[in-house]
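Analysis of the macromolecular model
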Amino acid sequence: MAPPPARVFAELVPAPVAPVTPVPVPVPAGGGGTSAPPGREVHVSGSAELSAGPDRARVRLRLGSRKGAAGAARSSVSRRLEYIAQSARQRGVPEENMTVTEDFSRVENTYQMEAEVCIIFSDFGKMQNVCNLLAEKLGTSVTISPPHFYHTPEAIDTLRRQVCVAAVGNTRRKAQEVCRLFGQSLGKPLLIREEETKEWGGHIDSQLLNSPDSLTLQERIQNATAYASCRVFAVFEIKGKENRRNKLL
């Protein structure tokens, strides 16, 4: 009778590895909380929306005269132009903010002188004072157009920066609240990305179509108000448990 087949059991034993001495991790003095394992992050998104009223207003004034003599037509318009410029200067409007265009022509047997004054105001209170004074003193001899409100490029750039900073601030506060909900402390930002920005409103420096003269001053300012929104995505480090002492503070 043949002997039963032999069965062999084997085990692969890994080669001996030299022991690794653990390296102590230094803890910063006066740390604000328990150190957290690496790779712990909180991902959040946030947004903000801001508005800015116009910072400039343009007013156009038109005047003219038709006389039998050329000198008389010119003199009539020149006197009123000087009064308009003097009134604006006395109320703080710089010379470079006033533009005058003149047109002289002969109509049949008369001479016609027409002029337009464009004044840009940064102070809307001064604008009202100047327009009211000219309407009172010059009456129907001058036509004052309704003010056109708009934004300078610098004002729009400021609005864009402010809404971005506000969105980042809202995002950080959201991350902070999430961490506190779980008794953790928010660490430094690892990533901040602006995902979307939008702008709308009347900040474009152009005459508005279908803008009736019956609108009040405040309605015109409201129509010219610019709006901007921004959405950001951010990744923050989670430091660990919130320090009780800081929590009490």
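Residues numbered from 1 in each chain as written. Predicted model: local features only at pLDDT ≥ 70, side-chain atom pairs only at ≥ 80, totals over all residues. Heavy atoms only, no water.

1. Here we look at the overall build of the protein
Looking only at helices and strands, the protein features five helices and eight strands. For the protein, buried positions account for 30% of its 249 residues. In the protein, the share of contacts with a sequence separation of at least 24, taken over all contacts with a separation of at least 6, comes to 82%. About 16,900 Å² of surface is accessible on the protein, with carbon and sulfur atoms providing 53% of the total. (Helix = DSSP H or I, 4+ residues; strand = E, 2+ residues; numbered from the N terminus. Buried < 20%, exposed > 50% of the residue type's maximum accessible area, 1.4 Å probe, protein only. Contact = heavy atoms within 4.5 Å. Areas by Shrake-Rupley, 256 points an atom, 1.4 Å probe, with all protein chains shown as cover.)

2. Things to note about the nonpolar core
Formed by 27 residues in total, the largest nonpolar core has its most connected members in L61, I84, I119 and M127. Excluding residues that lie within four positions of it along the chain, I84 makes contacts with L61, L63, V117, I119, L134, L138 and V142. Core analysis: the next-biggest nonpolar cluster, separate from the first, contains nine residues, A48, V163, A167 and C230 among them. (Core = buried A, V, L, I, M, F, W, Y, C linked by side-chain atoms within 4.5 Å.)

3. Overview of the confidence of the model for the protein
Mean pLDDT over the protein works out to 83, with 76% of the residues at or above the 70 mark. Confidence drops under pLDDT 50 across residues 1-36; counting only partners more than four residues distant or on other chains, this segment forms twelve contacts. (pLDDT = per-residue confidence, 0-100.)

4. Examining the packing of helix α1 (residues 70-90) against helix α2 (residues 124-138)
Following both chains from N to C, one finds α1 and α2 inclined at 150°, their axes separated by 10 Å at the closest point. If you check the angle between α1 and α2, you find them roughly antiparallel. Crossing handedness for the pair α1 and α2: right-handed. Residues R80, Y83, I84, S87 and A88 of α1 lie in contact with α2, whose contacting residues are V130, L133, L134, K137 and L138. In terms of residue class, the contact of α1 with α2 is made up of seven nonpolar, one polar and two charged. (Axes fitted to C-alpha atoms, helices over the stretch in contact; angles between N-to-C directions. Parallel < 35°, antiparallel > 145°, perpendicular 65-115°, else oblique. Left-handed = near helix turned anticlockwise from the far one by under 90°. Nonpolar A, V, L, I, M, F, W, Y, C, P; charged D, E, K, R; others polar.)

5. Here's the deal with the sheet that holds strand β8 (residues 226-241)
Adjacent strands of a sheet form backbone hydrogen bonds with each other and so pair up, either parallel or antiparallel. An order of β1-β8-β7 is seen for the three strands of this open sheet, with the pairing classed as antiparallel. Every interior strand has two partners, whereas the edge strands, β1 (41-52) and β7 (184-201), have only one. Between one strand axis and the next, the sheet turns by 20° as a mean value, whatever way the strands run. (Pairing = 2+ DSSP bridges.)

6. Structural notes on unusual backbone geometry
The backbone of E108 sits at a positive phi, close to 55°, despite the residue not being glycine. As for its placement among the helices and strands, E108 is situated in the loop between β3 (98-107) and β4 (110-121). Judged by its relative accessible area of 71%, E108 is exposed.

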